[in-house]
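Chain by chain, the residues run as shown.
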Amino acid sequence: MSCPPYLIPRHESGARLAAAALMTGFFVISLTVGDVINKDGVLYLDAAAAFLDQGVKAAVAVYGWPGYSLLIAAASRLTGWPLETSAHALGAFCFLVIADCFVRLHFVLRGAGETPSGWTPVLLILAFPALGDRLNIVRDWGFLAASLWGLLHLVQFRFEPRGKLGHALLWQAGMAGAFVFRIEALVLILSVPLYFLVEPLPWRARAHNFLLPISGIVPVLILGAALLASGRLAPGKLWEITAYGYHDPTLIWKFFSLHADRLAAALPNDYGAEYAKLILGTGLVATLLWLIGANLGPVLLAIFAYAVHRFGGRLPPRFGLILWAAAMASGTLLVFLAVQLVPDKRYALLPSALLLLAGTVYLERIAAGTGSPWARRLALGLVAVLCIKSAVVTPDYRLYLRDVGGWVRENIPAGASLVTNDPRIDYYAGRPMNQEQTRRLMPLDRLADWLTQPDLPDYLALRLTSPRDLKKAEKALNREALKTFSPSPREHVLIYRLNDGSSRSR
């Protein structure tokens, strides 16, 4: 039984409408099932609340790059919704932009003689495993949405005959929006247009194509540098741009060498220590590739690998700009890893999404291939299964943290001090997050030392995720817990009274 033709989007307008409708449906399903706020989300909402109460300086004190939090606060002020609801509304908007730009890029990246299908980008963006945690309150959704929107206009600037200046300005506007979410956008807005300098065109055309997309940002950078030098503009978290060494390879090497020396000291013998830099360098590259691959997932990677093997890996010429952008985003992330050593799949969202665009070409080749009908059915079936998997959401097992927060509100006096190792307990208890104390408690091996410090809080709430951690905590505290939550054999929250504060009830 085949689907009615009107249910299959064949052209750009139909594909955009289908992507928007289905992405909205997926978001509604997630909201209906419910979720527990992520740890980073608590930080962003605390900064948004600080902005609403005391202004920008208070928001910066909570989180040094508060652009995302300010947008959440603005959405809350505009709609009258709670901050968490406003954050989800902002996230839903970002997901719609991601889906729409992905579909539009799929069509713009094809030449006049090519006929791209409408259903391929819709299926792949809905099947993209990295977008599965839709209700996570993270700034990466906004960064990806603004970056794709900017890249869409950069591609249109290069390959469409009209509106060149307009598209160049919209590219810069998109990356300025990405900069609000993540400071790495400042590197991309300058490095991605470098592609136009290596194209096989006359030098005058190359210079024109390079300068126009940075025409607005360069004067802004010069003005910003002048204000920083004069002391009229506080650098805030902008120092990270220079601290990561994007402007200075010797600084990158300094941090890399420092990490390599630490690795050498941890290796069991001098033979291994001699190759510490090689081990670390290859490990960082492998980590970068793993982060990108993990975002795409093994199923999509296997499908694309088969298409490359069966039909070849050559892409339409316009994809050169997208591959360059993916390389620049990957290089930026590699520098960050070399300096900070903080790997997270979210940081690789942009290069993963750009490689997924190439995957639309490979999936089309499989669908059009006549030599292996079984491979065609299997590939399309697996992508459909991924879409269904993305749509189906199960209740979060950590929903009990809301009950923990409610118990704290009802049983611990508002004036009593409470420290937790999970900021979500603070959030659901209606208490401000104590970042410093939370960081100090997160390595549970340090709990015994932490308990010896003077001026302990009145209460302590520990979230433990293994029987081993439970034994460590009980041994270190050596007292009966005031309240215990144990939703599973591995998951526990123990609440202790450390000082003479009293609770209203138990």
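An account of the accompanying structure is given in this report. Sequence order as written defines the numbering, with residues in each chain counted from 1. A pLDDT threshold of at least 70 governs which residues receive local features in this predicted model, and a stricter bar of 80 or more applies before side-chain atom pairs are shown or counted, although totals over entire chains, interfaces and linings include all residues. The side-chain quantities take in all heavy atoms of the structure and omit both hydrogens and water.

1. Quick word on the pattern of salt bridges
The salt bridge definition used is simple: a Lys or Arg side-chain nitrogen within 4 Å of an Asp or Glu carboxyl oxygen. What the rule picks out here adds up to 13 salt bridges. Arg 346 is the partner of Asp 344 in a salt bridge, and the nearest nitrogen-oxygen pair spans 3.7 Å. Using a 1.4 Å probe on the protein chains alone, a residue whose accessible area is under 20% of its type maximum counts as buried, one over 50% counts as exposed, and one in between counts as partly exposed. Under the relative-accessibility criterion, Arg 346 is labelled buried at 18%. In this structure, Asp 422 and Arg 463 form a salt bridge, with 3.3 Å as the shortest nitrogen-oxygen distance. Here Asp 422 is found in the loop between strand S1 (418–420) and helix H20 (423–429), whereas its partner Arg 463 is found in strand S2 (residues 459–464), with 41 residues between them in sequence. Grouping residues by exposure puts Asp 422 and Arg 463 together as buried. Connected through shared salt-bridge partners, Asp 40, Asp 140, Arg 182, Glu 184, Asp 344 and Arg 346 make up one network. Only DSSP runs of H or I covering at least 4 residues are called helices, and only runs of E covering at least 2 are called strands; the numbering of each starts at the N terminus.

2. A look at the pairing of strand S4 (residues 492–497)
By the criterion of burial, S4 is predominantly enclosed, with five of the six residues buried. With six bridges joining them, S2 and S4 adopt antiparallel strand pairing. Bridged to Leu 460 within S4 is Tyr 496. Note that strand S3 (residues 483–485) and S4 share three bridges and pair antiparallel. Looking across to S4, one finds that Phe 485 is bridged to Val 493. Any two strands with at least two DSSP bridges between them are considered paired. Counted along the chain from S3 to the antiparallel partner S4, the turn is six residues long.

3. Brief notes about helix H19 (residues 400–411)
Here H19 is twelve residues long and its end C-alpha atoms lie 17 Å apart, about the 16 Å a rise of 1.5 Å per residue gives. Along H19, the residues classified as buried are Tyr 400, Leu 401, Val 404, Gly 405, Gly 406, Trp 407, Val 408 and Asn 411. Take the number of residues in a helix, subtract one, and multiply by 1.5 Å to get its expected span.

4. Examining the sheet that holds S2
With mixed pairing, four strands are arranged side by side in an open sheet as S1-S2-S4-S3. The open sheet has two edge strands with one neighbour each: S1 and S3. The mean angle between the axes of side-by-side strands here comes to 15°, regardless of whether they run parallel or antiparallel. What makes two residues a contact is simply this: any of their non-hydrogen atoms within 4.5 Å. Throughout, an axis means a line fitted to C-alpha atoms (over the contacting stretch in the case of helices), and angles, computed between N-to-C directions, take values from 0 to 180 degrees. Here H19 sits on the sheet in contact with S1, S2, S3 and S4, set at roughly 15° to S4. On the sheet, helix H23 (residues 467–477) packs against S2 and S4 and is oriented at approximately 160° with respect to S2.

5. Let's talk about the packing of aromatic side chains
Stacked, tilted and edge-to-face are the three classes assigned to paired rings of Phe, Tyr and Trp, where Trp is represented by its six-membered ring and a pair needs centres within 6.5 Å; plane angles under 30 degrees give stacked, over 60 edge-to-face, the rest tilted. If you walk through the whole model with that rule in mind, you get 13 aromatic pairs. With a centroid separation of 5.9 Å and an interplanar angle of 70°, the aromatic rings of Tyr 195 and Phe 196 are classed as edge-to-face. For Tyr 195, a relative accessible area of 13% puts it in the buried group. For Phe 196, a relative accessible area of 0% puts it in the buried group. Of the aromatic side chains, those joined through ring pairs into one cluster are Tyr 44, Tyr 63, Tyr 68 and Phe 181. The ring centre of Phe 485 lies 5.4 Å from the NZ or CZ of Lys 483, which sits over that ring. We count a charge as sitting over a ring when the NZ of a lysine or the CZ of an arginine lies within 6 Å of the ring centre and within 35 degrees of the ring normal.

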